[in-house]
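The residues making up each chain are set out below.
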Amino acid sequence: MKLIILDRDGVINQDSDEFIKSPDEWIAIPGSLEAIARLNQAGYRVVVATNQSGVARGLFDIVTLNAIHQKLHSEAQRVGADIDAIFFCPHAADDNCDCRKPKPGMLHTIAKRLNVSLKGVPCVGDSLRDLQAGYGPGCVPYLVLTGKGERTREKGGLPPGTLVYPDLAGVVDALLAQPPKEAEELPSQKEGRRRNA
Ligand SMILES: [Mg+2]
Ligand SMILES: [Zn+2]
C-alpha cells in the first residue's frame, strides 16, 4: 500500500495564529482536498497527524475538535477525497508527551496501526517540527509554503533531503509524476533494506 502523512493546519486548511477553535474557522486551502482525492485515486491512503495544543490550553475541547474533523471529512467527501484517519496530539509543549511533533510518537502510532514501515513515506508539513517528526523514522519530508511554510523556509535548518513545493497540490503533482513507491508492509523490512542498498 502507499501511504502519505499530512499535517493539518497550513497544509489542508488555512492556519491561524489564534488556533482553529471551531468548525467555522476551519477553511480548506483551495485545491488541497482535490489534491487528496487525486492521491486516493492513485491508491494512496491519506492520514493526518496534527498537534492540537489548543485542547491543553483550554481553547477548545475534544468534542469541538471532533466537530472540526467532521467538517474536514465531509468537505473532503464532497470532492471525492477520503482521509483514512486523523491522529492528534492534544497536549501542550510542557506536558512532555511522546506524541507532540517534533517527536515521532504519532507517526510511530500510525505505522503500528497500519502495519507499515515509515521508510520513504512522504510526510508533508508547513512547520519544521512536522518535517523533523517524519525525518527521524525515515519519512521523506515535504515542506509546503502555505500556512507557516514561507516562514519555515526562511528560518532554514530543514532536515536533509526536504523537498519544497508551493502547496499540497504541488506535492501531489510531483508524487504522481513519480513511479509509485509502496509503503512496505511489515514484516518485509529486509526486502526494503535490500532494495535501498
Ligand atoms: Mg501546520
Ligand atoms: Zn501529545
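Residues numbered from 1 in each chain as written. Chains lettered and ligands numbered in written order. Predicted model: local features only at pLDDT ≥ 70, side-chain atom pairs only at ≥ 80, totals over all residues.

A.B. asks: Explain the overall build of the protein here, please?
C.D. replies: Scanning the protein from terminus to terminus reveals 7 helices and 6 strands. Against the 2.2 N^0.38 benchmark of 16 Å for 197 residues, the protein shows a C-alpha radius of gyration of 16 Å, consistent with a compact globule. Counting only C-alpha atoms, the protein reaches 50 × 40 × 35 Å along its principal axes. The buried share among the 197 residues of the protein stands at 42%. For the protein, the proportion of contacts with a sequence separation of at least 24, taken over those separated by at least 6, is 64%. (Helix = DSSP H or I, 4+ residues; strand = E, 2+ residues; numbered from the N terminus. Rg over C-alpha atoms; globule rule 2.2 N^0.38 Å. Buried ≥ 20, exposed ≤ 12 C-beta atoms within 10 Å, placed from the backbone. Contact = placed C-beta atoms within 7 Å.)

A.B. asks: Just to check I follow, could you spell out the environment of Ala37 for this structure?
C.D. replies: Mapped onto the elements of the fold, Ala37 is located in helix H1 (residues 32–41). A C-alpha to C-alpha distance of 8.7 Å links Ala37 and Gln77, two positions 40 residues apart in sequence. Residues in contact with Ala37, not counting those within four places in the same chain, are Val79, Gly80 and Ala81.

A.B. asks: Teacher, can you tell me more about the packing of H1 against helix H6 (residues 168–177) here?
C.D. replies: The relative placement of two packed helices comes down to the angle between their axes together with the axis-to-axis distance. For the pair H1 and H6, interaxial distance at closest approach is 8 Å and the crossing angle is 20 degrees. The pairing of H1 with H6 is recorded here as roughly parallel in orientation. Judged by the twist between their axes, the crossing of H1 over H6 is left-handed. For the pair formed by H1 and H6, the contact residues are Ser32, Ala35, Arg38 and Leu39 on the first element and Leu168, Ala169, Val172 and Leu176 on the second. Of the residues belonging to the contact of H1 with H6, the class tally is 6 nonpolar, 1 polar and 1 charged. (Axes fitted to C-alpha atoms, helices over the stretch in contact; angles between N-to-C directions. Parallel < 35°, antiparallel > 145°, perpendicular 65-115°, else oblique. Left-handed = near helix turned anticlockwise from the far one by under 90°. Nonpolar A, V, L, I, M, F, W, Y, C, P; charged D, E, K, R; others polar.)

A.B. asks: I'm lost on the environment of Phe19 in this one. Help?
C.D. replies: Turning to its location among the elements, Phe19 is positioned in the loop between strand E1 (2–6) and H1. Here the alpha-carbon distance between Phe19 and Asp9, two residues 10 residues apart in the chain, equals 8.9 Å. Excluding anything up to four places from it in sequence, Phe19 contacts Gly54 and Leu59.

A.B. asks: Sorry if this is basic, but what is going on with the pairing of strand E3 (residues 85–89) here?
C.D. replies: The side chains of a regular strand alternate between the sheet's two faces. When strand E2 (residues 44–51) meets E3, the two strands line up parallel, connected through 5 bridges. Within the sheet, the bridge partner assigned to Val47 lies in E3 and is Ala85. Read from E2 through helix H2 (residues 62–78) to E3, the crossover connection turns out right-handed. (Pairing = 2+ DSSP bridges. Right-handed = clockwise from strand over helix to strand, strands pointing away.)

A.B. asks: Teacher, can you tell me more about the sheet that holds strand E6 (residues 163–165) here?
C.D. replies: In sheet architecture, strand pairing relies on hydrogen bonds along the backbone and comes in two forms, parallel and antiparallel. Sheet architecture is open: 6 strands sit in the order E3-E2-E1-E4-E5-E6, paired in parallel fashion. One side of each edge strand has no neighbouring strand; the edge strands of this open sheet are E3 and E6. Direction aside, neighbouring strands of the sheet carry axes that sit 25 degrees apart on average. Lying on the sheet, H1 is in contact with E1 and E2; it crosses E2 at an angle near 135 degrees.

A.B. asks: Explain H1 to me, please; I cannot follow it from the model alone.
C.D. replies: An α-helical segment advances 3.6 residues per turn. Residues three or four places apart therefore align on the same side. Here H1 has its buried residues at Ser32, Leu33, Ala35, Ile36 and Leu39. Projected onto a plane normal to the axis of H1, the buried residues spread over an arc of 155 degrees and lie on a single side. Among the structural elements, E1, E2, H2 and H6 are those in contact with the buried residues of H1. A positive phi of about 95 degrees marks Gly43, the residue just after H1. (Arc of directions from axis to C-beta.)

A.B. asks: Sorry, what's going on with the environment of Leu39 here?
C.D. replies: Summarising the element assignment, Leu39 is placed in helix H1. Every residue in contact with Leu39, bar those within four places of it in the chain, is listed here: Ile4, Tyr44, Val46 and Val172.

A.B. asks: Help me understand unusual backbone geometry in this model?
C.D. replies: A negative phi holds for most residues other than glycine; trans holds for most peptide bonds. The omega torsion of the bond from Lys101 to Pro102 falls at 20 degrees, within 30 degrees of zero and hence cis. Locating Pro102 in the fold gives a position in the loop between E3 and helix H3 (105–114). Non-glycine residue Phe19 carries a positive phi angle of around 75 degrees. Overall, Phe19 belongs to the partly exposed group, with 16 C-beta atoms counted inside 10 Å. One non-glycine residue with positive phi stands out, namely Asn96, at about 55 degrees. Counting through the fold element by element, Asn96 comes out in the loop between E3 and H3.

Fair warning: the whole summary comes from geometry, so function is off the table for now.
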